[in-house]
Amino acid sequence: MNIIVVLAITIPLLFALVFWLELKRVAADKQRIREKVLSHGWEYYSSSWEQLPGQSNTLFRSSLIGPGFYSVCYRNSDGDMVSQVCETSPSLGVYWSDKDEDTVILKQAHQDCKKCEGKVKPNWKFCPFCGTENQQETS
Ligand SMILES: [Zn+2]
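Predicted model only: the values in this text are computed from it and were never measured.

Rules and cut-offs
- Residues numbered from 1 in each chain as written.
- Predicted model: local features only at pLDDT ≥ 70, side-chain atom pairs only at ≥ 80, totals over all residues.
- Helix = DSSP H or I, 4+ residues; strand = E, 2+ residues; numbered from the N terminus.
- Buried ≥ 20, exposed ≤ 12 C-beta atoms within 10 Å, placed from the backbone.
- Contact = placed C-beta atoms within 7 Å.
- Pairing = 2+ DSSP bridges.
- Expected span 1.5 Å × (residues − 1).
- Core = buried A, V, L, I, M, F, W, Y, C linked by C-beta atoms within 7 Å.

Novice: Would you mind going over the overall build of the protein chain with me for this structure?
Specialist: Assigned secondary structure in the protein chain consists of two helices and seven strands. From first element to last, N terminus to C terminus, the protein chain shows the α and β order α-β-α-β-β-β-β-β-β. Each of the 139 residues in the protein chain was classed as buried or not, and the buried ones make up 14%. Of the contacts formed within the protein chain by residues at least 6 apart in sequence, a portion of 37% connects residues at least 24 apart.

This is the structure:
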């Protein structure tokens with residue numbers, strides 16, 4: 001068989017294989033990030049693969065071998081919506097990137113306790129000051 005024909009078949013197959021591994025890596029990363037968020041007791045919303053400044057534009061190189069960067073969105077124990085960069089690496093696992101501090105994108109508003117008028121977050125079942133049960137707002 002002609003060498004050109006062999007290359008014409010194998011090269012696209014190799015690209016397809018790398019791309020397939022790439023998709024698998026991202027899916028596995030997202031699952032691990034989700035588990036990490038849940039392990040903190042937070043509510044997981046989303047994660048998306050992120051291109052950081054200075055990082056190579058090559059999708060293959062940066063996320064198949066090197067660390068992957070994900071912009072993760074979750075609701076923390078205070079009820080705030082937070083966006084934070086998470087790094088994944090095949091050797092080190094999942095960890096929060098210290099390059100970027102977490103950014104609160106939506107601060108949970110306080111409401112007044114109906115008994116003592118202390119500031120209570122809506123996701124707190126009981127007022128920390130007087131112990132009165134808060135009415136849960138369903139919106
Ligand atoms: Zn109270």
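Novice: Even after reading the chapter, I still don't get the pairing of strand 2 (residues 68–75), so can you show me in this structure?
Specialist: Note on strand geometry: in a regular strand, side chains alternate between the two faces of the sheet. Of the pairings in the sheet, the one linking strand 1 (residues 43–49) to strand 2 comprises six bridges and is antiparallel in character. Bridge pairing in strand 2 places E43 opposite R75. Here strand 2 hands over to strand 3 (residues 81–89) after five residues, with G79 in that stretch at a positive phi of 90°.

Novice: I would appreciate a short explanation of unusual backbone geometry in the present structure.
Specialist: Backbone geometry follows two general trends: most residues other than glycine have a negative phi, and most peptide bonds adopt the trans configuration. One non-glycine residue, E117, lies in positive phi territory at about 65°. Classification of E117 as exposed rests on a count of 11 C-beta atoms within 10 Å.

Novice: Even after reading the chapter, I still don't get the pairing of strand 4 (residues 93–96), so can you show me in this structure?
Specialist: One ladder, built from four bridges, connects strand 3 with strand 4; its direction is antiparallel. Pairing of C86 across the sheet is with W96, part of strand 4.

Novice: Mind showing me how you'd approach helix 1 (residues 3–39) here?
Specialist: Every α-helix carries 3.6 residues per turn, so stepping three or four residues along brings you back to the same face. Here helix 1 contains 37 residues, and its C-alpha end-to-end distance of 53 Å stays within 8% of the 54 Å for a straight helix at 1.5 Å per residue. Listing the buried residues of helix 1 in full gives D29, K30, I33, K36 and V37. Tucked inside the fold, the buried residues of helix 1 contact strand 1, strand 2, strand 3 and strand 4.

Novice: What am I meant to see in the nonpolar core here?
Specialist: Taken as a class, soluble globular proteins show a tendency for nonpolar side chains to be buried jointly. Membership of the largest hydrophobic core is limited to eight residues, which are I33, V37, F69, Y70, V72, Y74, C86 and V94. Of all the elements in the fold, those that place two or more residues in this core are helix 1 and strand 2. Counting residues per element, this core draws most heavily on strand 2, at four residues. In this structure C86 touches I33, S47, Y70, V72, V94, W96 and S97, once residues within four positions along its chain are discounted.

Novice: How should I be thinking about the environment of E43 in this particular structure?
Specialist: Mapped onto the secondary structure, E43 falls in strand 1. Between the C-alpha atoms of E43 and M81, which are 38 residues apart in sequence, the distance is 9.2 Å.

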